[in-house]
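Report on the structure
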Amino acid sequence: MDPDSEHCLSTSCLLYTPAYKTNARLSLEIILQGTNHVSGSVQPRSALIPNTQARDAKPRLLLMGLRRSGKSSIASVVFHKMPPNETLFLESTTRIQKDSIHSFMDFQVWDFPGQLEYLEPSFDLEDIFGSLGALVWVIDAQDDYLDSVARLNRTILTVQQYYPGINIEVFIHKVDGLSDEFRTDIYQDIVQRISDELSDAGYENAPVHYYLTSIYDYSVFEAFSKVIQKLIPNLSTLENLINTLGNNCGFEKTYLFDVLSKIYIASDTRPVDMACYEMCSDYIDVIVDVSELYSWDHPERRPKGDQIQEAESHVVLHDDTMIHLMEMNKYLCLVSVIRNRESKEKRGLIDLNCRTFQDGLNEVFSRRWEQLEETNHLDGGALT
Ligand SMILES: Nc1nc2c(ncn2[C@@H]2O[C@H](COP(=O)(O)OP(=O)(O)OP(=O)(O)O)[C@@H](O)[C@H]2O)c(=O)[nH]1
């Protein structure tokens, strides 16, 4: 964000005190408490306990690929806020790392050791691929990728016999060190090799999607956003709501962000603009930092009249672009980019429309969220 930009943080974001806080919690600290980091190994078929499946019914994202391809780095950067440089010190994974993410929807991320031979008969495929949301295969684009491609093809051909609807998401990773031309060549080569081999094996039109990713820019967040969006029930309803809101308010682009991971779970259906996405994502960081600084319980602070329940803020940048942020519930916030001069002058209308959108959003999803919260409550809040 440009240091010269005119910052107009609305007071609603800064003034509320914990006594007046409701469900709205734009604070990573609080949300991170809901994130468990446990490790475990997949049980061999004979050791399966019948009831574990019910507790593990959350959609699962499997991070797979060869050793040192970058799986743990991706999970750490996206879900644990690890600065990319610190991934240099990550040790090789030796057991499956199971991460439960408790957010706008509960899901699990399983990080597989690169050397694990999960296709061997001693592993129960149902235990690994049952309740699967997506298989994310990470290929190190800076290394020789032929082995990785061959192993991916073996995995797809085995798994699709039992789980034909499975989403395969291929992250062609570590592209930060490559020129644009080289990236395109590698991308085309990998896509070609995978689709040729699969169609030779008689598997046409496999549901495989490809992304160029790196932890050193926003591409990995963008890719994860796309992966997660496929797991969201009612995504098209959500996109329609955002489109309607954007059209009525003159928004150039709108993203509905998960505050914890900063992946976006939905946006309007205009083409993705990475610059907008980066700006909106950075703005969430600013607001989270400010909220954490000022929303602690101060004995002498007096509430100044009625407070708006959710954090709300806008900033006008040096080029007259406005970013508008509004917290939707304790997990999600809506961030919009506004360039249209007329629209910017109608802040009241924008706020009103965003509140209406918030009602619609919570109506579509609240029942599900309430159910999830009740379940967690019954479980004693423990997430596996
Ligand atoms: N240049 C670059 N390096 C990366 C990127 N992502 C990860 N790395 C580096 O790749 C190395 C291996 O990363 P890990 O995340 O440990 O790899 P892994 O796939 O989990 O490895 P195993 O646990 O052995 O299976 C680390 O030194 C990371 O810093 C990236 O996007 N770009």
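Placed above this text is the structure.
Now for a quick tour of the structure. (Residues numbered from 1 in each chain as written. Predicted model: local features only at pLDDT ≥ 70, side-chain atom pairs only at ≥ 80, totals over all residues.)

Another aspect to go through is helix α7 (residues 180–200). Relative to the 30 Å expected for 21 residues at 1.5 Å per residue, α7 spans 30 Å between its end C-alpha atoms, a close match to the ideal helical length. Among the residues making up α7, those that are buried are Ile190, Ile194 and Leu198. Looking down the long axis of α7, one finds its buried residues gathered within 50 degrees of arc, a one-sided arrangement. Residues of α7 that are exposed and point more than 90 degrees away from the buried face comprise Glu181, Thr184, Asp185, Gln188, Gln192, Asp196, Ser199 and Asp200. The secondary structure elements touched by the buried residues of α7 are β5 (132–140), α6 (146–162), β6 (168–173) and β7 (208–212). Of the residues trailing α7, Gly202 is marked for its positive phi of about 90 degrees. (Helix = DSSP H or I, 4+ residues; strand = E, 2+ residues; numbered from the N terminus. Expected span 1.5 Å × (residues − 1). Buried ≥ 20, exposed ≤ 12 C-beta atoms within 10 Å, placed from the backbone. Arc of directions from axis to C-beta. Contact = placed C-beta atoms within 7 Å.)

Attention now goes to the sheet that holds strand β8 (residues 253–258). What the 5 strands build is an open sheet, ordered β9-β8-β12-β11-β10; its pairing is antiparallel. Looking at which strands have only one partner, the edges of the open sheet turn out to be β9 (264–267) and β10 (312–316). Going from strand to strand, the sheet's axes swing by 20 degrees on average, the running direction of each strand aside. Examined bridge by bridge, β8 and strand β12 (residues 332–338) share 6 bridges and lie antiparallel to one another. Among the inter-strand pairings, Thr254 is bridged to a residue of β12, identified as Ser336. Each of β8, β10, β11 (322–327) and β12 is contacted by helix α10 (residues 274–294), which is oriented at about 130 degrees to β12, the strand it contacts most. (Pairing = 2+ DSSP bridges. Axes fitted to C-alpha atoms, helices over the stretch in contact; angles between N-to-C directions.)

Looking now at the pairing of strand β2 (residues 60–65). When you tally the buried positions in β2, you get 6 out of 6 residues, the bulk of the element. Where burial is concerned, the two faces of β2 agree: the one with Arg60, Leu62 and Met64 and the one with Leu61, Leu63 and Gly65 are both buried. Two elements, β2 and strand β4 (residues 106–111), share 4 bridges in a ladder whose sense is parallel. Counterpart to Leu61 in the pairing with β4 is Val109. The pairing of β2 with β5 spans 6 bridges and is parallel. The residue of β5 that forms the bridge with Leu62 is Leu135.

Turning next to the site of the ligand. Neighbouring the ligand are 22 residues; Gly70, Ser72, Ser73, Thr93 and Gly114 lie closest to it. The element contributing the most residues to the shell around the ligand is helix α4 (residues 71–80), with 3 residues. Classifying every residue of the shell around the ligand gives 5 nonpolar, 12 polar and 5 charged. (Near = placed C-beta within 6 Å. Nonpolar A, V, L, I, M, F, W, Y, C, P; charged D, E, K, R; others polar.)

The subject of this paragraph is the nonpolar core. Grouped together as the largest cluster of nonpolar side chains are 82 residues, with contacts concentrated most on Leu63, Trp137, Leu256, Cys333 and Val335. Of the residues forming this core, the biggest block, 7 residues, is contributed by α10. Excluding residues within four positions of it along the chain, Leu63 makes contact with Lys71, Ile74, Ala75, Val109, Trp110, Asp111, Phe112, Val136 and Val138. (Core = buried A, V, L, I, M, F, W, Y, C linked by C-beta atoms within 7 Å.)

An α-helix turns once every 3.6 residues. As a result, residues three or four positions apart point the same way. Among the residues making up helix α8 (residues 219–229), those that are buried are Val220, Phe221, Ala223, Phe224, Ser225 and Ile228. For α8, the secondary structure elements touched by its buried residues are α4, β6, β7, β9 and α10.

As for its placement among the helices and strands, Leu61 is situated in strand β2. Between the C-alpha atoms of Leu61 and Leu238, which are 177 residues apart in sequence, the distance is 22 Å. Leu61 has contacts with Phe107, Gln108, Val109, Gly133, Ala134, Val136 and Val227, leaving out every residue within four places of it along the chain.

In this section: the packing of α6 against α7. The geometry of α6 relative to α7 is characterised by a closest axis approach of 10 Å and an angle of 40 degrees between their N-to-C directions. The angle between α6 and α7 places the two elements in the oblique class. In this structure, the crossing between α6 and α7 has a hand that is right-handed. Judged by residue contacts, Val149, Leu152, Asn153 and Ile156 of α6 engage Ile190, Arg193, Ile194, Glu197 and Leu198 from α7. Residues that form the contact of α6 with α7 fall into these classes: 6 nonpolar, 1 polar and 2 charged. (Parallel < 35°, antiparallel > 145°, perpendicular 65-115°, else oblique. Left-handed = near helix turned anticlockwise from the far one by under 90°.)

The next point concerns the pairing of β8. Counted residue by residue, β8 has 6 buried out of 6 residues, so it is predominantly covered. In β8, alternate side chains face the same way, and those of Lys253, Tyr255 and Phe257 on one face and Thr254, Leu256 and Asp258 on the other are all buried. As defined by bridge partners, β8 adjoins β9 across 3 bridges and the pair is classed as antiparallel. Its bridge partner lying in β9, Tyr255 is registered against Ser267. Connecting the antiparallel pair β8 and β9 is a turn made up of 5 residues, with Lys262 showing a positive phi of about 60 degrees.

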